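Residues per chain, in single letters:
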Amino acid sequence: MTRLALHTAATAPEASRPAVERAATANGFLPNLVGILANAPVALEAYQTVSQINGRTALSLAEREVVQITAARVHGCDFCVAGHSKVALRQAGLDAAAVRALQAGSDTGQARLDAVRVFAEAVIVTRGQVTDAALQAFRAAGLGDQEALEVVLGISLATLCNFANSLAQSPVNPELHPWLPGGAALAADASAGAARAG
């Protein structure tokens, strides 16, 4: 049970309905985040608009998903951890071990991704007041001022989503359960990877 109305295309405010219908078609189900944001058409519009803008950054899809999973983990949003873990695994090319590491807040073994994770967490924890050393470590991984601000952009998108889910106490859709920490999708992918390696 959510604390805010969890809308469907049939119950959403008229201004939210087209976006809700598009989200349901694109995903094959209606993500509960969209059903919650539908309560405020401008919030839903902001989510979709900023998502599109975030997709045009210099950061790769894998790096953008590192930011999203990191923010969701720090903010305690299981829904977004699961949703972005699915994207990281299925679309961004990360393997199960890297996704599990991100879910745990530990190193993936990929220097640039780990630099993005550490910097994103520092930005969140310090509210942007990262130390000179933290910024220098980010730059040492080949990331510049543009990417630093794009991490902030990704965090702003994640904050809207994470906080909306937390406010509503919206459950994780069953379709996303396999990508929760310890979920079947990550375990299955790990088993398949081990079999290929052997």
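Rules behind the numbers
- Residues numbered from 1 in each chain as written.
- Predicted model: local features only at pLDDT ≥ 70, side-chain atom pairs only at ≥ 80, totals over all residues.
- Heavy atoms only, no water.
- Helix = DSSP H or I, 4+ residues; strand = E, 2+ residues; numbered from the N terminus.
- Rg over C-alpha atoms; globule rule 2.2 N^0.38 Å.
- Buried < 20%, exposed > 50% of the residue type's maximum accessible area, 1.4 Å probe, protein only.
- Contact = heavy atoms within 4.5 Å.
- Areas by Shrake-Rupley, 256 points an atom, 1.4 Å probe, with all protein chains shown as cover.
- Lys, Arg positive; Asp, Glu negative; His and termini not counted.
- Charge placed at Lys NZ, Arg CZ, Asp CG, Glu CD.
- Expected span 1.5 Å × (residues − 1).
- Arc of directions from axis to C-beta.

Student: Honestly, the overall build of the chain in this entry has me stumped. Any pointers?
Tutor: Of the regular secondary structure elements, the chain holds 10 helices and zero strands. Relative to a compact globule of 198 residues, whose C-alpha radius of gyration would be 16 Å, the chain shows 17 Å and is just as compact. Each of the three principal axes of the chain carries a C-alpha extent, and together these read 50 × 45 × 25 Å. Burial analysis of the chain (198 residues in total) assigns 44% to the buried set. Within the chain, contacts between residues at least 6 apart in sequence are counted, and of these 68% link residues at least 24 apart. Of the roughly 9600 Å² of accessible surface on the chain, a fraction of 56% belongs to carbon and sulfur atoms. One way to put it: in the chain the 14 positive side-chain charges average out to a point 3 Å from where the 16 negative ones average out.

Student: Looking at this structure, I do not really get helix H3 (residues 41-54). What am I missing?
Tutor: In an α-helix, one turn spans 3.6 residues; hence positions three or four apart end up facing the same way. The end-to-end C-alpha separation of H3 is 20 Å, in line with the 20 Å expected for 14 residues at 1.5 Å each. Of all the residues in H3, the buried ones are Ala43, Leu44 and Asn54. Buried residues along H3 cover an arc of 105 degrees about the axis, so they all sit on one side. For H3, the exposed residues set more than 90 degrees away from the buried face come down to Val42, Glu45 and Gln52. Those residues of H3 that are buried lie in contact with helix H1 (17-27), helix H2 (32-37), helix H4 (61-75) and helix H9 (145-168).

Student: How do you make sense of the side chain of Asn165 when you look at a structure like this?
Tutor: Inspection of the secondary structure puts Asn165 in helix H9. If we skip the residues at most four places from it in the chain, Asn165 touches Leu33, Cys77, Phe79, Cys80 and Ser170.

Student: For this particular structure, what's the right way to read the environment of Val152?
Tutor: By secondary structure assignment, the location of Val152 is in helix H9. Overall, the relative accessible area of 40% leaves Val152 in the partly exposed class. When the C-alpha positions of Val152 and Ile36 are compared, they lie 24 Å apart, and in sequence the two are 116 residues distant.

Student: Sorry if this is basic, but what is going on with the environment of Ile36 here?
Tutor: Within the secondary structure layout, Ile36 lies in helix H2. Separated by 24 residues in the primary sequence, Ile36 and Ala12 place their C-alpha atoms 9.4 Å from one another.

That is the geometry; function is a separate question.
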